[in-house]
4 protein chains.
Amino acid sequence: MRFFSDNAAAACPEVLAALHEANRLDTAYDGDAWSQRLNGAFSDLFGTEVEALWVATGTAANSLALAALCPPYGSILCPRDAHIQTDECGAPEFYTLGAKLLLGEGAGAKLVPAEVERQLATVRNDVHQVQPHALSITNATEYGCVYTPDETAALGELAKARGLGFHLDGARFANAVASLGCAPADLSWRAGVDALSFGFTKNGGLGAECLIFFDRELAAATQMRRKRAGHLLSKGRYLAAQLLAMLADDIWLRNARAANGAATRLAEAAGTARLLLPVEANEVFIRVSPDEAAALRGQGFDFYDWGPGEARLVTSWDSDRAHVDALAAAIAKL
Amino acid sequence: MRFFSDNAAAACPEVLAALHEANRLDTAYDGDAWSQRLNGAFSDLFGTEVEALWVATGTAANSLALAALCPPYGSILCPRDAHIQTDECGAPEFYTLGAKLLLGEGAGAKLVPAEVERQLATVRNDVHQVQPHALSITNATEYGCVYTPDETAALGELAKARGLGFHLDGARFANAVASLGCAPADLSWRAGVDALSFGFTKNGGLGAECLIFFDRELAAATQMRRKRAGHLLSKGRYLAAQLLAMLADDIWLRNARAANGAATRLAEAAGTARLLLPVEANEVFIRVSPDEAAALRGQGFDFYDWGPGEARLVTSWDSDRAHVDALAAAIAKL
Amino acid sequence: MRFFSDNAAAACPEVLAALHEANRLDTAYDGDAWSQRLNGAFSDLFGTEVEALWVATGTAANSLALAALCPPYGSILCPRDAHIQTDECGAPEFYTLGAKLLLGEGAGAKLVPAEVERQLATVRNDVHQVQPHALSITNATEYGCVYTPDETAALGELAKARGLGFHLDGARFANAVASLGCAPADLSWRAGVDALSFGFTKNGGLGAECLIFFDRELAAATQMRRKRAGHLLSKGRYLAAQLLAMLADDIWLRNARAANGAATRLAEAAGTARLLLPVEANEVFIRVSPDEAAALRGQGFDFYDWGPGEARLVTSWDSDRAHVDALAAAIAKL
Amino acid sequence: MRFFSDNAAAACPEVLAALHEANRLDTAYDGDAWSQRLNGAFSDLFGTEVEALWVATGTAANSLALAALCPPYGSILCPRDAHIQTDECGAPEFYTLGAKLLLGEGAGAKLVPAEVERQLATVRNDVHQVQPHALSITNATEYGCVYTPDETAALGELAKARGLGFHLDGARFANAVASLGCAPADLSWRAGVDALSFGFTKNGGLGAECLIFFDRELAAATQMRRKRAGHLLSKGRYLAAQLLAMLADDIWLRNARAANGAATRLAEAAGTARLLLPVEANEVFIRVSPDEAAALRGQGFDFYDWGPGEARLVTSWDSDRAHVDALAAAIAKL
């Protein structure tokens, strides 16, 4: 009974079916029928014209977005716990060819405007210091918290006022949308987001993410960068097909709701006192003593230790109902 | 009836079956059971201990290999028609962070030792010129020609004598091995190759290549670079599973033989006079007048014009027998 | 009696005097009185508003200019014998962070529009190939030839029509202007040049070059890149002072005329048959047999062998009249 | 009466005299007689064989050293207030081609071993995080504090134990040596330093620094990088001559002692209560109210505000005795 990561989940049946359907001779790279439908499908979803590029990983999506928004001699402001800072082995630095990350503080890996202002104020505006060019946040965050549309828009306004591009790492964007019940547009372009890494892999894909440019002028150079980074897969239709399959019938929302629901169930079992943070998506951070953690593991539950006396539980679209119930019960009994 | 590219082919049934089999919860990235078997499986195939890293594209495999073999201030000697020079949008320059490609001449995109010597002699050994650090060839070449084990070994010896790392772009390595009927080892480490981009995607994969390090010390830094480039897929087991499925029962050879056979059939129909180059793998370059090309297209055959009066026909593992026969007949009739 | 390189010459007295004058406490970096006068002084010289940045080397000037004109995923078209290709150890690749150089052919290291067209036509306009973003020529060339204003303007028009930035490596710009007797503007912005590396070091400076942006919008990012490359010297006034001293009273032209005159004297002594190329600046390439070369060296003349049976003689602002006369006589006697 | 920065000071007479002496035809780049003497002169000074490369700026020296010690996918641990982090516009990121800086805390911009350990412990040893490859400290620090030989050696031992290269930014190395009265070796190779940026410009040079490799194997690649970065000046003898002139008769120590002495005089006048940090080199950080700062400026003293209620006073080799006395008196009277 593994609650390590949604990264480890299987692909959902609709995705596998789509791979079968796409499994015939077609044009290579992104000239195929599936890839050609992406801009339209995502423009429909967001209610505005977008450029949509498939890539194989969230790290690639994030880094390509950041390279589009920040020159090599610039910096990107992000939370200290952002995936781009802590878990991508310097991919932003590689893709931007040497930009810096400027790290802001915030509970639940969330930035608020005042913190953005505070960090920007640390930078002297002269040639001796790297100047900020972009703001990057994650929604849902690495700690399972969500930014509301208003919170996002407040950051978007600030970014615009300060001349910063605005990137949203949406590895769990679906979970945020499902959690808030809002329109995808409300958490993205309507809130000032220029580029979104829209995650599908954790949410039931086999291996496909979509980089969405609301600022469509950024797409042309990114297509060069994608190729140059080895991310223009020669049989790209298998990626496009996954994305389209998950957009159809709102599978992406169905899957995210399932994952969120399982996390909510665990959160309720844990109770407020044990929770480190509110559970707003599909991650649950709880306080557990070493003995308690061992007890849970003794019952067959696997998860990451997070810090001393802390554990992370992640649910996914296919979290087994019985396993979730069992874990909820086990936590409640601690 | 499309003879554009083996890139456009479908995935073979064994690969799809393997994806289904891998479609269950497992460890993320490359910690899963399939990924963990790669080193062993490829070591068995090559008869020597290797490090085997899956990646999603040949461009990624090539570039990671080159970055392992050449510093930013070095150069890589390759044929003028090498894929790394002409079709990867500067990926080697991106991954090496600024190395140069030194271009050698050769019919069929093949380098011979004398040409390597000639190119090396153009470089003054001082700090004003970028110094060569690596040699890269493609087998089968971009023109469907193969290097024999002896030809490869002659280059390998020269590379070693001159202190150059030796990279083999094997996007169609399977086709070369199938064509020559030799051991994979004979075209790689026994011939001095340090790193091989072993292609599976064109040969029936859905999207998976294997970067093989015979110089195993190169692997550790490459694992960092792979992650940093966004090429450590979170559900990497789907890539590993494809590779393992194609190694099993020599599917990779079966597929390559089928593609090569179809090309041979077209070559025989074309006749020597019409062939630009000997057909040794799965690509056929023929002389056709504009009228002849139009006539073929009129009969439903699609292919690339290559140069004035030249056409490229590419077969694949699943080239339809009837289509091949029809094209062979049509060419014979020209 | 050394005719190796104008790089090896001394600094002219006016430059040394300027260093003394600048040798007092002032503001660091480029905030000092001398640096602040550069834009004005060069705007006056060129008859248009320019941004003028001092740097310590021609390689830095060239590379900063190219980085301003070409993205990492682009290419720069230049002559095969361009200094940026053959003698800067990959500096353009470093500063652009991975762009490619596209090499054109031309006698005397000169490009003509037809060759530019021919090279551009080799590039497919798709994401698989690096696309050209800039054109770079050298005037006077590495072979001592000059582009006239008309020749430059023809390239400038073509560059503009094809969307290419236009860089002029003017390590010996002074020699070209002196040779042609034209206005500096005629060889630069009036001919479509966006950025000029204006050389002073070879022409009597101690160590100072000026990067001139006619497209002034390129300067701001370049100031960041200059700092980031370690080229914003803390006591920059010593560089600015050199440049201003050489602009005053047209010292730069006086020095270039002296160097050109010495070369002309050698060219006349050599005679047309012995010259590999017309002598239009301060470099003389002559045919000499090994015995003849040895004979010259036996008389105390030092110079570079260029190719088999070829020698390069370079004169400078301070070429000793007696040495030049002696070499002219020795050549005439061969 | 300016106390802004030692960067703004004039060059000392011995340096100017050396430029005159070097002002004759010689070999270009670093083939001249002066440059050829550098290795020997610095090996004598340090009592061990070193490789010594001149460069024009401290930023270039630092960045070349860091690029030699840290791969693009690594990180460099340094104090949060290190010049390489705060004042070089991302030069380390540019030269290393994408490494990260890992920032440690410490009063006076000094790191202690426990803090190094603490920072290293924040890094998981897996491919998802950039791994530390180098440690960089500054002596004297950006806050005018010095590391003793023992303090340096403790860091050197730790660096070695953890597999980190050890870089010393010695923009004010002379001030540290003068302050401590120790041997240059005690603050460098004997304490485990691999590469030292030995500053001369702030200490009376016109524009020359020396990059010293105690690990001499790092020099060869760095010579390529130096050229590639545009830092191989064509008339390098003027840099080498400055360095040699300042080594002769210990001018570098004489100058540093003068600067330190002036700072000490100011520190004594300020008194302990007003000092933010002990004054151990040539920088004085004092507490001053806005009114006090205005009063000092009203008397003609210029300096940087550092933080709210803080001022930085920097002395230099040529600080005017009368100005220093006047400032000391003015501070004492506050």
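Remember, it's a predicted structure, so these values are computed and weren't measured experimentally.

### Points about the interface of chain B and chain A
At the interface, 46 residues of chain B touch 46 residues of chain A. Counting each side, the surface lost to burial between chain B and chain A is near 4,100 Å², with a carbon and sulfur contribution of 59%. When the buried surface of chain B facing chain A is broken down by residue, F94(B), R228(B) and K235(B) rank first, second and third, together holding 18% of it. The interface formed by chain B and chain A contains zero salt bridges. Remark: the boundary between chain B and chain A carries 38 residue pairs in polar contact (both at pLDDT 80 or more). Among the elements of the structure, α1 (13-21), α4 (58-69), α6 (91-96), α10 (219-228) and α11 (237-247) of chain B are those that each provide at least two residues to the side of chain B that touches chain A. The element that contributes the greatest number of residues to the side of chain B that touches chain A is α6(B), accounting for four residues.

### Points about the pairing of strand β7 (residues 209-213) of chain A
Residue and element names in this part refer to chain A. Along β7, five of the five residues are buried, which leaves the element largely enclosed by surrounding structure. Bridge count for strand β1 (residues 51-55) against β7 is five bridges, and the pairing is antiparallel. Bridging from a neighbouring strand, V55 pairs with E209 of β7. Of the pairings in the sheet, the one linking strand β6 (residues 195-199) to β7 comprises five bridges and is antiparallel in character. If you follow L196 over to β7, its bridge partner there is I212.

### Describing the interface of chain C and chain A
With 19 residues of chain C at the contact, the number on the chain A side is 19 residues. For the pairing of chain C and chain A, the buried interface totals around 1,700 Å² over both sides, and the portion due to carbon and sulfur atoms is 70%. At the junction of chain C and chain A, the tally comes to six residue pairs in polar contact (both at pLDDT 80 or more). No other element matches the six residues that helix α9 (residues 219-228) of chain C contributes to the side of chain C that touches chain A. Split into classes, the residues belonging to the side of chain C that touches chain A amount to ten nonpolar, five polar and four charged.

### With respect to the relation of the copies chain B and chain A
Of the transformation placing chain B onto chain A, the axial shift is 0.0 Å and the rotation is 180 degrees, giving an RMSD of 0.0 Å. Each copy turns onto its partner about a two-fold axis. In terms of proximity to the rotation axis, the leading residue of chain B is A229(B), whose C-alpha is 3.5 Å off the axis. When the interface residues of chain B are mapped onto chain A, 100% of them again lie at the interface, so the same face is used by both copies.

### Digging into the packing of aromatic side chains
All names here are of chain A. Scanning the entire structure with this criterion turns up 62 aromatic pairs over all chains. Judged by centre distance (5.1 Å) and plane angle (80 degrees), the rings of F46 and F214 are edge-to-face. In this pair, F46 sits in helix α2 (residues 33-46) while F214 sits in the loop between β7 and α9 (219-228), placing the two residues 168 residues apart along the sequence. Here the two residues F46 and F214 agree in accessibility, since each one is buried.

### Examining the sheet that holds strand β2 (residues 74-79) of chain A
Residue and element names in this part refer to chain A. Reading across from one edge, β1-β7-β6-β5-β4-β2-β3 is the order of the seven strands in this open sheet, with mixed pairing throughout. Both outer strands of the open sheet, β1 and β3 (100-104), are each paired with one neighbouring strand and no more. For this sheet, the mean angle separating the axes of adjacent strands, direction not counted, is 25 degrees. In the sheet, strand β4 (residues 131-138) pairs with strand β5 (residues 165-170) via five bridges, with the strands oriented parallel. Opposite T138, over in β5, you have D169 as the bridge partner. Packing of helix α7 (residues 149-161) onto the sheet brings it into contact with β4 and β5, and relative to β5 it is tilted by some 150 degrees.

### Digging into the confidence of the model for chain A
For chain A, the mean per-residue pLDDT works out to 97, and 100% of the residues sit at or above 70. Confidence metrics for the complex model read pTM 0.97 and ipTM 0.97.

Basis of the calculations
- Residues numbered from 1 in each chain as written.
- Chains lettered and ligands numbered in written order.
- Predicted model: local features only at pLDDT ≥ 70, side-chain atom pairs only at ≥ 80, totals over all residues.
- Heavy atoms only, no water.
- Contact = heavy atoms within 4.5 Å.
- Buried area = accessible area lost by both parts, 1.4 Å probe.
- Salt bridge = Lys/Arg side-chain N within 4 Å of Asp/Glu carboxyl O.
- Polar contact = N/O pair within 3.5 Å; in protein donor to acceptor, adjacent residues only side chain to side chain.
- Helix = DSSP H or I, 4+ residues; strand = E, 2+ residues; numbered from the N terminus.
- Buried < 20%, exposed > 50% of the residue type's maximum accessible area, 1.4 Å probe, protein only.
- Pairing = 2+ DSSP bridges.
- Nonpolar A, V, L, I, M, F, W, Y, C, P; charged D, E, K, R; others polar.
- Least-squares fit on C-alpha atoms with pLDDT ≥ 70 in both.
- Phe/Tyr/Trp six-rings, centres within 6.5 Å; stacked < 30°, edge-to-face > 60°.
- Axes fitted to C-alpha atoms, helices over the stretch in contact; angles between N-to-C directions.
- pLDDT = per-residue confidence, 0-100.

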